[in-house]
Amino acid sequence: MSEPRVIYWFRTDLRLHDSPALQAALDLDPATLWPIFTWDPHYVYRARGGLNRWQFLLDCQNDLSHAITRLNAKSKLFVLREAPQTLLPKLFKAWNVTHLVFEKDTDAYARERDEVVTRAAQEAGVEVIVRSGRTLWDSDQVVARNNGKPTMSISQLQAAGAKVGSIPRPIPAPSRLPDPGEMTLDFEQDPPVVQPDLNSDRRAESDTGYGQIAGPKGDFAIETMEELGFPSATTPHRGGESIALKRLGDIVDNHTYTATFEKPKTNPAQFEPQATTLLSPFLHFGALSVREFYWRVQDVVDSYPGKASSPPTSLTGQLLFRDMYFAAQAALGSVFAQTARNPCCRFIPWHLPSKRDPDTGLITGEYHVDSEQADAWFRRWKAGVTGFPWIDALMRQLRQEGWIHHLGRHSVACFLTRGGCYVDWERGCEVFEELLLDHEPACNAGNWQWLSCTAFFAQYYRCYSPTAFGQSWDKNGDFVRRWVPELKHLEAKYIYEPWTAPIQNQRRAGVRITGDGLTRREAGTYPKPMFDFAKQKAVCMSAMKKAYEIGLHGDDKAVLDGSWRSLFPSPDMADVTGESESGAEGRAGKNREVSTRGKRHASEASSQDGSKKQMRLSFGKQGRECHASK
DNA sequence: TTGCTGGTTGTCTAG
DNA sequence: GCTAGACAACCAGCA
C-alpha cells in the first residue's frame, strides 16, 4: 500500500489538544496530511447564526490555523468553500487521498452529511476513520446502554455512561504535523444552494464566500466577516483554543471555586466578570475538549481537602447535562428539536406554532400567527422591550454579547412559554439558535423543552417571576441599569417594576414609562409591561394543567393530524401540525377562556375514563421511547 | 398496585 | 435578613 495521504477534516473540533481523531490520523504515520475545513452551505444558509457566533467561529479557526503553522510552517487550516458532500469526492481523486479522518458528530444534519461523505469515500477506495471526542462518552454507546432509549434524566445518563466505561483521559496535543501535499483544484466548483437563506437579514453586503473554492486570493485562507457580507460582531467574547486553555487554567488554579462550584448558587445578575466559566462557546466549537475540561476539574475535586460539590450541581455535573442532551438527540434524531413527531415531548397547544414541511414532517422555521397579541409579545420579548426590566436586560445582553447566565436563560424561557406569553418553545429555541455563542442544537432544544415543561422537567407550577427572581440576586438592580440604561437613575425600589414608580419619581430619574416598545419609541421612555404577570401566569398554569391532563405527546396521531383540537376546550387555539391554515387568524384574548373551560373539559374527561393515565391517548407504538407504556 | 422519595436552579408570607 | 412551610401538585424510580 502507498504511504498514507490523509485529509484531516476539522468540523466541531477546532483544537489540537485532546483530539482522539487527530491522534488517529497521526497514528497512521502519514507522509501527507491536509488539515481542512469545509465551508458548508448548510450552516451558512440553513442554520441561524448571529454575527457574534460567526465571529467566534472565525476566531477559533484562526487560532487553530496559527497553532498548526507553529507545528509545521508549511501547513495551516485550509478552508475550502463548497459543500463537503460534493467537494470531498473530488478531493479524494484530485489529491490521491488514502484516508479521511474526522471526529464523530451526532447532530441530525451532520449524521446525514457524514453518511453521504463516507459512502463516497468507500466508493473512491478511501478509508474513513472516525473517533468520538465531542462528548464525555460516545453518545451512540450511551443510547445503546440505555436500552436504545434517549437519556431523559441525569440518573439515566450516569447509569448508561458507567456501563459504557470510564471517561477517557485527555491526550496531549501533537508535537509535529506532516506536510500538506499538493492542493490542485482541477475541477469545477459545485455552487451552493443559496435559498432559503435564514441569515440574509443579517448580511449588510452580499455574500461572496463561495466566489472561489480556495477563497478570494486562492490561498485557502479563513473567511472574513467582510467576505461573508456581515458587519462587525458586537460581542466582547473571543474564540480560540489558546484563550480556552488559558481560561480553563485560570479556573482550575482557583481550587475552591472549581471544587465547590454549585450552579444554582451562581448569580445570574453578576457581570464583569460573570459568575460562571463562560467556557461553553469553546466546547461548542471544539476549541476546548470536554474531556480535558472534565478531568482538569475532577483532578482538583479529588485532591480538594474540604467538602467538594458533586453532580448535578457541580462543574462536572454541567458537562453531564450536556452529554444527556447529546445522547437524547442521538437517539431521536431531527425530531428531538421539535414537538411534532417527538415521542418524548409533550404537546401543549402553544401560540405561534411552527409550520411543518409536509414531506419531511420537520419544522420549517416559519410559524403560524394564531394570535396577533402573542406575536406582539414574542416580538417584544425578542427585542428586549417587554416592559419587564429583568427580562429586557437579559435579552439585550444576549443580543449584544451572545451569552447570558444559565438562570437568566431560565427566566426568559419560562417567561416566553409556560410562565407568561404561552408561546411555542420552538420560537424561543430559534432566537437562541441565532443569538447564542454557545448554541448547541441538542442542549438548546433540550433546555427549551426543560423550561417549557414539555420534556425532562414537569413541575410547571414552579414559575420564575420576571420581577422577584432578578431582585433576589441583585437588589439594587445593577444588572438592569447596565443593560436597560433608560432606567439607570430609577430608585432601586422601582427598578424591577418601573410602572409602579410615581410620575414625579420617573421625572427625577429622567424616564417616562409609556408605550409598547415597538411603535414610535421616544427617547427617554421605557415601555409599559406588556401584561399583568400575575394574571398571565394563572392563565398559563391553568392551560398547562389542562394539557398535562390530556397528555398528548409529539408523535400522537391526534397531534399530527390536528384532531387534538377536539380534545382541547378551545380547538382553534394553536396548531402544531402546521399543515392547516385554518384558525390562523385573530384569536387574541382567548387564553382566559381556555383556562376556565379547560377545567370543565378536564373533569368531564376524567369522569369518562376513570384515571389520568387512561386519558392519555395512544395511537400506534412506533418510535415510542418515552411514553409508550402509559 | 400503591405509596413514598427525589428531582441542578420558584414565590410568597409568617415568624 | 433569614428560614420554614404553604402554595398546588408534575414525573420517574423504587420498594
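What counts, and at which threshold
The residue count restarts for each chain, going from 1 along the sequence in the order it is written. To label them, take the chains in the order written and letter them from A, then take the ligands in the order written and number them from 1. It should be noted that, the model being predicted, local features are given only for residues of pLDDT at least 70 and side-chain atom pairs only at 80 or more, the latter also being counted only at that level, while totals for whole chains, interfaces and linings use all residues. By convention in this description, side-chain values take in all heavy atoms of the structure and omit both hydrogens and water. By definition, any uninterrupted DSSP run of H or I lasting at least four residues is a helix, any uninterrupted run of E lasting at least two residues is a strand, and each is numbered from the N terminus. Restricting the calculation to C-alpha atoms gives the radius of gyration, and the globule rule supplies 2.2 Å times the number of residues raised to the power 0.38. Burial here depends on accessible area, computed with a 1.4 Å probe over protein chains only, as a share of the maximum for the residue type. Under 20% is buried, over 50% is exposed, and the range in between is partly exposed. Each accessible area value is a Shrake-Rupley result obtained with a 1.4 Å probe; residue values ignore everything except the protein chains displayed when judging cover. Only four residue types enter the tally: Lys and Arg on the positive side, Asp and Glu on the negative side; His and the chain ends are excluded. Working definition for charges: the position is that of NZ of Lys, CZ of Arg, CG of Asp or CD of Glu. A side-chain nitrogen of Lys or Arg and a carboxyl oxygen of Asp or Glu constitute a salt bridge if their distance falls within 4 Å. Centres within 6.5 Å are what make two rings of Phe, Tyr or Trp a pair, Trp counting through its six-membered ring; a difference in plane orientation under 30 degrees is then read as stacked, over 60 as edge-to-face, and the rest as tilted. Orienting the strands away from the viewer, one traces the path from the first strand over the helix to the second; a clockwise path indicates a right-handed crossover. At least two bridges found by DSSP between two strands are what make those strands a pair. Definitions used throughout: a 1 Å grid over protein atoms alone; a cavity as a set of points that fits a 1.4 Å probe which cannot get out; a pocket as an open set with protein on both sides within 12 Å along at least five of seven lines; a lining residue as one with an atom within 4 Å of a point. Grid points are joined across faces, edges and corners, and a volume is the space filled by probe spheres set on the points. Each residue is assigned to one class: nonpolar for Ala, Val, Leu, Ile, Met, Phe, Trp, Tyr, Cys and Pro, charged for Asp, Glu, Lys and Arg, and polar for all the others, Gly among them. Among buried residues, the Ala, Val, Leu, Ile, Met, Phe, Trp, Tyr and Cys ones that are joined through side-chain atoms within 4.5 Å form a nonpolar core. UniProt positions are given in the numbering used here, feature names are shortened, and annotations may be inferred rather than shown by experiment. The contact definition used throughout considers only heavy atoms, calling two residues in contact when any of these lie within 4.5 Å. A cutoff of 4 Å decides nearness: a residue is near a molecule or strand if any of its heavy atoms lies inside that distance of it. Here a polar contact is taken to be a pair of N or O atoms separated by no more than 3.5 Å, where protein atoms must pair a possible hydrogen donor with a possible acceptor and residues adjacent in sequence count only if both atoms sit in side chains. In a helix, the anticipated span is given by 1.5 Å times the number of residues less one. Simply put, an axis is a line fit to the C-alpha atoms, just over the touching stretch for a helix, and the angle between two N-to-C directions goes from 0 to 180 degrees. Each angle gets one of four labels, with under 35 degrees taken as roughly parallel, over 145 as roughly antiparallel, 65 to 115 as roughly perpendicular, and the rest as oblique. Put simply, a crossing is left-handed when the front helix is turned counterclockwise from the back one by less than a right angle, and right-handed when it is turned clockwise.

For the rest of this paragraph, the subject is the overall build of chain A. Counting secondary structure elements, chain A contains 24 helices and 9 strands. Its C-alpha atoms give chain A a radius of gyration of 25 Å, within 12% of the compact-globule value 25 Å for 630 residues. Considered along the principal axes of its C-alpha atoms, chain A spans approximately 75 × 60 × 55 Å. Looking at chain A as a whole, 59% of its 630 residues qualify as buried. About 25100 Å² of surface is accessible on chain A, with carbon and sulfur atoms providing 50% of the total. Each charge class in chain A was averaged separately, 77 positive and 77 negative side chains, and the resulting centres sit 8 Å apart.

Time to look at the pattern of salt bridges. Following the criterion strictly, the structure yields 34 salt bridges and no others. Of the charged contacts, one joins Arg 202 and Asp 201 as a salt bridge, the two residues approaching to 3.4 Å between their closest N and O atoms. The network of salt bridges with common partners includes Arg 11, Asp 40, Asp 105, Asp 107, Arg 113, Asp 114, Arg 134, Arg 322 and Glu 440.

Any two aromatic rings considered together are summarised by their centre-to-centre distance and by the angle between their planes. In total, this model carries 39 aromatic pairs according to the counting rule given. Taken together, a centroid distance of 4.9 Å and an interplanar angle of 55° make the contact between Phe 347 and Trp 564 tilted. A residue pair is termed long-range when its members are at least 10 positions apart, and Phe 347 in the loop between helix H12 (315-332) and strand S6 (354-356) and Trp 564 in the loop between helix H22 (557-561) and helix H23 (591-609) qualify at 217 residues. Exposure class is identical for Phe 347 and Trp 564. Each is buried. Aromatic side chains Tyr 367 and Phe 378 sit 5.8 Å apart centroid to centroid with 85° between the ring planes, which places their arrangement in the edge-to-face category. With Tyr 367 in strand S7 (residues 363-367) and Phe 378 in helix H13 (residues 372-383), this residue pair connects regions lying 11 residues apart in the sequence. By relative accessible area, Phe 378 is classed as buried at 5%.

Moving on: the pairing of strand S1 (residues 5-10). Regular strands have side chains that alternate between both faces of the sheet. The element S1 is largely enclosed, with a buried count of 5 among its 6 residues. Assessed by its sense of winding, the connection that carries the chain from S1 through helix H1 (residues 20-27) to strand S2 (residues 32-38) is right-handed. As judged from the 4 bridges shared by S1 and strand S4 (residues 99-103), these two strands associate in the parallel manner. Within the sheet, the bridge partner assigned to Ile 7 lies in S4 and is Leu 100.

Let's shift gears to the layout of surface pockets. It is the rolling of a water-molecule-sized probe over the atoms that shows where space remains empty. As a volume, the second largest pocket reaches approximately 1200 Å³. Along its surface, the second largest pocket is lined by 46 residues, and Lys 263, Gln 318, Phe 321, His 406 and Asn 447 are the ones closest to its centre. Every element with two or more residues in the lining of the second largest pocket is listed here: helix H10 (280-285), H12, helix H15 (406-416) and helix H17 (441-451). When its residues are assigned to classes, the lining of the second largest pocket shows 26 nonpolar, 13 polar and 7 charged.

This paragraph deals with the nonpolar core. Ranked by size, the top nonpolar core spans 151 residues in total, and within it Phe 10, Trp 39, Phe 293, Trp 381 and Leu 487 carry the most contacts. Element by element, the count of residues in this core is highest for H12, at 11 residues. Counting 22 residues, the second-largest nonpolar core is a separate cluster that includes Ile 36, Leu 100, Val 117 and Val 126.

Further remarks concern unusual backbone geometry. With the exception of glycine, most residues fall at negative phi, and the peptide bonds are largely trans. For the bond from Gln 195 to Pro 196, the omega torsion is -5°, close enough to zero to count as cis. Mapped onto the elements of the fold, Pro 196 is located in the loop between helix H7 (154-164) and helix H8 (241-253). The residue after Pro 311, namely Pro 312, is reached through a cis peptide bond having omega 10°. Relative to the assigned elements, Pro 312 resides in the loop between helix H11 (290-303) and H12. Positive phi, close to 60°, is recorded for Phe 220, a residue that is not glycine.

The next point concerns the UniProt feature "site: Electron transfer via tryptophanyl radical" (unreviewed entry) in chain A. UniProt records the feature "site: Electron transfer via tryptophanyl radical" (unreviewed entry) at Trp 350, Trp 425 and Trp 448, using the numbering of this structure. A compact arrangement is adopted by the annotated residues: their sequence extent is 99 residues, whereas the largest C-alpha distance between any two is 13.4 Å. Those annotated residues that line the second largest pocket are Trp 448. With respect to the helices and strands, Trp 425 occurs in helix H16 (residues 425-435). With near-sequence residues (within four places) excluded, Trp 425 lies in contact with Phe 336, Ala 337, Gln 338, Thr 339, Cys 345, Trp 350, Thr 417, Ala 445, Trp 448, Gln 449, Ser 452 and Thr 454. Among the structural elements, Trp 448 can be located in helix H17.

Within the structure, DNA strand B sits among 17 residues, and Pro 264, Phe 321, His 410, Ser 465 and Ala 468 are positioned closest to it. Within 4 Å of the protein, the contacting atoms of DNA strand B are drawn from sugar and phosphate to the extent of 41%. Here a base oxygen of DNA strand B sits 3.3 Å away from a polar atom, N or O, in the main chain of Pro 264. For DNA strand B, a base oxygen lies 3.1 Å from a polar atom in the side chain of His 406. Counting residues per element, the surface near DNA strand B draws most heavily on H15, at 3 residues.

This part is about helix H14 (residues 389-401). A rise of 1.5 Å per residue sets the reference length of H14, with its 13 residues, at 18 Å; its end C-alpha atoms lie 18 Å apart and thus fit the reference within 8%. H14 sits mainly inside the fold: 11 of its 13 residues count as buried.

Before going further, it helps to spend a moment on the packing of H11 against H12. Contact geometry for H11 and H12: axes closest at 9 Å, N-to-C directions at 155°. What the angle tells us is that H11 and H12 run roughly antiparallel. Remark: the crossing between H11 and H12 carries left-handed chirality. Note on element contacts: H12 touches H11 through Leu 315, Thr 316, Leu 319 and Arg 322, opposite Val 290, Phe 293, Tyr 294, Val 297 and Gln 298. Split by residue class, the contact of H11 with H12 holds 6 nonpolar, 2 polar and 1 charged.

Take the sheet that holds S2 next. If you walk across this open sheet you meet the 5 strands as S3-S2-S1-S4-S5, and the pairing is parallel. The strands lining the two open edges of the sheet, one partner per strand, are strand S3 (78-80) and strand S5 (127-131). When strand polarity is set aside, the average angle formed by the axes of neighbouring strands in this sheet is 30°. Where S2 and S3 come together, 3 bridges link them in parallel fashion. Directly across from Ile 36, in S3, lies its bridge partner Phe 78. In this fold helix H3 (residues 51-71) packs onto S1, S2 and S3, with an angle of close to 170° to the strand it touches most, S2.

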